[in-house]
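A closer look at the structure
Spelled out from the first residue to the last, the chains are:
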Amino acid sequence: MNPDLIRKILLLTEENTSYGEDYEFEDEALPIELESYSLDEIFYHVELCKKFYFLECSIYPHFIVLEDLTPQGHLFLSDIRDELVWSKTKNIASKVGSFSITTLKEIAVQVVSQSINTFFNPK
C-alpha cells in the first residue's frame, strides 16, 4: 500500500468531481498526477479507497470513473491535505513502524490537534 498514492487519488477526486459530475480516465490517458505509477498500482489503490469507504467509483478493465468522496473520505483528506501535516504524519508513522490507514488517520488527527493546541497556547 502506498499512502502517497491514496492521498493523490483523494485529492484528484476532490478537484475533479462535484455533485452530479464524475471524473473518468482511462489507462491510455492517465491524469498527470498519476503518471509516475503503474496501471496496476493505480487500479489497486482506487479499489482500496473504495473498500475503505473513502470514495465512490466504478472500476472497469481499462478505465476508472471517480464519482465523489464519501463523508469519511472528506474527513480523512481534510486531515492530510496540508503538505506539512502529511509530511509530519508520514514521519511519525515511520518512527512508529506502521503505515496502515488506521494508523495514518490517528496520527494525522493528532498532528492537527497539536497544531490547534499550539495556536491557542503559544509559548
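Anything mentioned here points back to the structure above.
Described in the following lines is the structure provided in the data block. (Residues numbered from 1 in each chain as written. Predicted model: local features only at pLDDT ≥ 70, side-chain atom pairs only at ≥ 80, totals over all residues. Heavy atoms only, no water.)

**Examining the packing of helix α4 (residues 83–96) against helix α5 (residues 101–120)**
Definition in use: Here the axes come from fitting lines to C-alpha atoms, over the contacting stretch only for helices, and the angles between their N-to-C directions go from 0 to 180 degrees. A helix here means a DSSP run of H or I that spans at least four residues, while a strand means a run of E at least two residues long, and both kinds are numbered starting from the N terminus. Our angle categories are set so that under 35 degrees counts as roughly parallel, over 145 as roughly antiparallel, 65 to 115 as roughly perpendicular, and the remainder as oblique. Two helices crossing with the near one rotated counterclockwise from the far one by less than a right angle form a left-handed crossing, whereas a clockwise rotation gives a right-handed crossing. The contact rule is simple, with two residues in contact once any of their heavy atoms fall within 4.5 Å. Residue classes follow a fixed rule: Ala, Val, Leu, Ile, Met, Phe, Trp, Tyr, Cys and Pro count as nonpolar, while Asp, Glu, Lys and Arg count as charged, and any other residue, Gly among them, counts as polar.
For the pair α4 and α5, the least separation of the axes is 9 Å and the interaxial angle reads 125°. Here α4 lies oblique to α5, going by the angle between them. In the packing of α4 onto α5, the handedness of the crossing is right-handed. Along the contact surface, α4 presents V85, W86, K88, T89, I92 and A93, while α5 presents L104, I107, A108, V111 and V112. When the residues that make up the contact of α4 with α5 are grouped by side-chain class, the tally is 9 nonpolar, 1 polar and 1 charged.

**Describing the side chain of T70**
Where we set the bar: For each residue, the accessible area found with a 1.4 Å probe, counting protein chains only, is set against the maximum for its type, and the residue is called buried under 20%, exposed over 50%, and partly exposed in between.
Here T70 is to be found in the loop between β3 (63–69) and α3 (71–80). You can call T70 buried: its relative accessible area is 10%. In this structure, T70 is in contact with Y53, F54, L55 and E56, ignoring residues within four places of it in sequence.

**Details of helix α1 (residues 3–16)**
This is how the line gets drawn: Helix span is expected to be 1.5 Å times the residue number reduced by one. For this analysis, a polar contact is any N or O atom pair within 3.5 Å, provided that within protein one partner can donate a hydrogen and the other can accept it, and provided that sequence-adjacent residues contribute only side-chain to side-chain pairs.
Between its terminal C-alpha atoms α1 stretches 20 Å, which fits the 20 Å expected from 14 residues at 1.5 Å a residue. A distance of 2.9 Å separates the backbone nitrogen of D4 from a side-chain oxygen at the start of α1, and that oxygen is part of N2.

**Concerning the pairing of β3**
Rules: For two strands to be treated as a pair, DSSP must find no fewer than two bridges joining them.
Sheet topology places strand β1 (residues 23–26) next to β3; 4 bridges connect them, and they run antiparallel. Note that in β3 the partner of Y23 across the bridge is L66. The sheet contact formed by strand β2 (residues 55–59) and β3 spans 5 bridges and is antiparallel. Among the inter-strand pairings, S58 is bridged to a residue of β3, identified as V65. Linkage of β2 to β3, two consecutive antiparallel strands, is achieved through a turn of 3 residues.

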